[in-house]
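# Breakdown of the fold
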Amino acid sequence: MKMHNSTLGYLENAQGEYLMLHRVKKKVDVNKDKWIGVGGHFEEGESPDECFRREVFEETNLTLTSFRFRGVVTFLNDDGQGEYMYLFTADGWTGTLAGDCDEGDLAWVPKEQAPNLPGWEGDKIFLRLLAEDQPPFLLTLQYEQNRLVRAVLDGKNLKIAISPTGPRKACF
């Protein structure tokens, strides 16, 4: 399996909201129509924090002044591609939020509503860990045909509840 490196982060404002990106602008996009944080793939020679700072600036026009590493999420997919995603939160920045982003539409979303937006099932797990202010964690999410089939948090398997009418949910 070929593994890629990326970052993802959630900027948190004083009103208890996350800055999120609704991925609606690219025709070919694995995240099409989903709500995610901001971030992206590493450039040659970049560290996780350098990538996160650069991606936040490119997507939002904001320069980070305070951010925190929260964990590593390993994605395993049935297409032979995998990813190590370094997860961050940020509570300090300068600049003016971009009015337009090539990736989608930026919006401030109340933190408690973020898990209810259309997104990846595994995102609900790490959004909960962020909300609970858990220490840095290792989370492995395995997907088959874009459905979450396995989740492992710090070496412990999480139970995946399968609903015939709704999405799958990880229980921990």
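Every chain is numbered on its own, with residues counted from 1 as its sequence reads. Local features in this predicted model are restricted to residues of pLDDT 70 or higher, and side-chain atom pairs are both shown and tallied only at a pLDDT of 80 or more, whereas totals for entire chains, interfaces and linings draw on every residue. Computation of side-chain values: all heavy atoms of the structure, hydrogens and water removed.

Quick look at the state of the cysteines now. Each disulfide consists of one covalent bond between the sulfur atoms belonging to two cysteines. Note on terminology: pairs of cysteine sulfur atoms within 2.5 Å are recorded as disulfides. Applying the stated rule across the entire model yields zero disulfides. As a non-bridged cysteine, Cys51 has Cys101 as the owner of its nearest cysteine sulfur, 14 Å distant. Partly exposed describes any residue whose relative accessible area lies between the buried limit of under 20% and the exposed limit of over 50%, with all areas from a 1.4 Å probe on protein chains only and scaled to the type maximum. Relative accessible area serves as the criterion here: at 0%, Cys51 is assigned to the buried category. Since its relative accessible area comes to 5%, Cys101 is described here as buried.

The next point concerns helix α2 (residues 121-131). Most of α2 is tucked away, with eight of its eleven residues classed as buried. Put simply, DSSP marks the helices as runs of H or I at least four residues long and the strands as runs of E at least two long, and each gets a number from the N terminus on. Of the residues one or two after α2, Asp133 is the one with positive phi, at around 55°.

Our next topic: the confidence of the model for the chain. As a per-residue measure, pLDDT tells how confident the predictor is, with possible values from 0 to 100. Residues with a pLDDT of 70 or more make up 94% of the chain, whose mean pLDDT is 92. Here strand β11 (residues 169-171) is the element of the chain with the lowest mean pLDDT, 60, and strand β5 (residues 63-77) is the one with the highest, 98.

This brings us to the nonpolar core. Definition of nonpolar core: a set of buried residues of the types Ala, Val, Leu, Ile, Met, Phe, Trp, Tyr and Cys, connected through side-chain atoms within 4.5 Å. Judged by nonpolar contacts, the single largest core of 38 residues is most densely connected at Tyr10, Phe126 and Leu141. By residue number, the principal contributor to this core is α2, which donates five residues. In what follows, residue pairs with any heavy atoms lying within 4.5 Å of each other are defined as contacts. With near-sequence residues (within four places) excluded, Phe126 lies in contact with Leu8, Tyr10, Val73, Met85, Leu87, Phe137 and Leu139.

Our focus in this paragraph is the pattern of salt bridges. Any Lys or Arg side-chain nitrogen found within 4 Å of a carboxyl oxygen on Asp or Glu counts as a salt bridge. Considering all chains together, one arrives at eleven salt bridges under this definition. Linking Arg54 and Glu46 is a salt bridge whose minimum nitrogen-to-oxygen distance equals 2.6 Å. We note that Arg54, like Glu46, is buried. We note a salt bridge from Arg54 to Glu58, for which the minimum N-O separation is 3.2 Å. One end of the pair, Arg54, and the other, Glu58, are both in helix α1 (residues 48-60), four residues apart, so they sit about a helical turn from each other. For Arg54, a relative accessible area of 16% corresponds to the buried category. Residues participating in the shared-partner salt-bridge network are Glu43, Glu46, Arg54, Glu55 and Glu58.

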